Amino acid sequence: MSNLTLALAILGGLVLAAVVAYNTLMSRRNAPRQPDAVDIALDEAERAMSAPPDGPEPVLHVDPNQVPSNDRHEPLFDPDLPAPSGVPVPTGERRGGLDPLIDVIAPISLDGLASGDAAIAAMPPTRRAGSKPVAIEGLNEHTGQWEPPVAGQRYSAFQVGVQLANRTGALNEIEYSEFVVKAQAFADAVNGAPEFPEMLDEVARARELDQFASAHDAQLGFVLRALHAAWSPGYVQQNAARLGFVAGIIPGRMVLPTSEAGLPPILGLAFDTQAALADDPAQSAIRELSLSLDVPQVDRGEQPFDRMREIASTLAREMDGVVTDSDGQLLREETMDVIGTDLEQLYDTLDARDLAAGSPLARRLFS
């Protein structure tokens, strides 16, 4: 073999080795980032130590109470829009779970006492009138409080209510008529006499409330996009868990729970469901995830927007990503500040309307 042939062979080998090394490097660079093995081992050890002796620790499933689909028109998000004043709003005291601020309430008078068992048996099979929830409450003979009928208790009066509006829109004439039919059937079953408010007045009030709610509804979302390497589901879950997120009941969904059990989560985090359900999730490539805040559902005392900003910034820094809006535009600090200022005005407007964010009435109305 001549020196030229040997040199060419060596050169060819070097080129081949360089190509293989480059492809290996690019493959590793483009592979989804994986969770840190040390942290996984520590998490498993902590779970093993805290598991009860008779079995594994139950998995915590927090109801994500997903951000509902908003069938109203796109919220104007104008905090300065005045409250509706075309139809007077009842100012009576709250009675049980029903409230004249957001409910039509039909009182049912009784000649004597009715048992909770009879009331439960008379309940309509579905507690909705169209898309609006219907509720029935009784005035407990012993406590003097309004409550949903309970077996073994006796009641001196009942009231049936239907919600004036929610995110599907305002109560309409057809839904009001359905409510009347259900309430009348219940009243007949308990030997009561219902008194219904005027339909046209209540429907007009529903439209006014819906107008106010539509203009003061806010559901915020940030998108975190990967700058270079994609992320695996485990990598996303590990980084989110470090910030307090827990798994939701839907694959690809995590939530930041409140300190009080049973309340809607402070924030939601979501990524591709198919990636979470893949046969080999470690090889699933996630290039973006979303952070969401349903403003009326969360008490302003939780400082949800400030926490959302901080979490988005931390995840972007730790996961090598950037924070954008849904159109891919970078969200700068100045933009965040403007949003925060607008939100404070929105909170004040909701407070003035007795629909404070995170309150039971606000959670019902904006659902």
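Residues numbered from 1 in each chain as written. Predicted model: local features only at pLDDT ≥ 70, side-chain atom pairs only at ≥ 80, totals over all residues. Heavy atoms only, no water.

- As annotated in an unreviewed UniProt entry, the protein chain carries the name Cell division protein ZipA and comes from Variovorax paradoxus.
- According to the UniProt record, the Subcellular location (unreviewed entry) comment for the protein chain is "Cell inner membrane".
- Under Sequence similarities (unreviewed entry), UniProt gives the following word-for-word description of the protein chain: "Belongs to the ZipA family." (UniProt positions renumbered as here; feature names shortened; annotations may be inferred.)

1. Section: unusual backbone geometry
Phase 1: In this model, Gln303 sits at a positive phi of 50°, which is unusual for a non-glycine residue.
Phase 2: Looking at the element boundaries, Gln303 is found in the loop between β13 (288–294) and α8 (304–319). (Helix = DSSP H or I, 4+ residues; strand = E, 2+ residues; numbered from the N terminus.)

2. Describing the pairing of strand β1 (residues 103–115)
Here is the key point about a regular strand: its side chains alternate between the two faces of the sheet.
Phase 1: One ladder, built from nine bridges, connects β1 with strand β5 (residues 154–163); its direction is antiparallel. Residue pairing for β5: Ile108 is matched across the bridge by Phe158.
Phase 2: Bridge analysis of β1 against strand β8 (residues 192–194) gives three bridges, and the strand direction is antiparallel. The residue of β8 that forms the bridge with Leu110 is Gly192. (Pairing = 2+ DSSP bridges.)

3. A closer look at the packing of α8 against helix α9 (residues 333–352)
Phase 1: Taken N-terminus to C-terminus, the directions of α8 and α9 make an angle of 160°; their axes are 10 Å apart at the nearest point. Judged on the interaxial angle alone, α9 and α8 are roughly antiparallel. In terms of crossing hand, the pair formed by α8 and α9 is right-handed. Of the residues in α9, those touching α8 at Pro304, Phe305 and Arg309 are Glu333, Met336, Asp337, Ile339, Gly340, Leu343 and Tyr347.
Phase 2: Broken down by class, the residue content of the contact of α8 with α9 amounts to six nonpolar, one polar and three charged. (Axes fitted to C-alpha atoms, helices over the stretch in contact; angles between N-to-C directions. Parallel < 35°, antiparallel > 145°, perpendicular 65-115°, else oblique. Left-handed = near helix turned anticlockwise from the far one by under 90°. Contact = heavy atoms within 4.5 Å. Nonpolar A, V, L, I, M, F, W, Y, C, P; charged D, E, K, R; others polar.)

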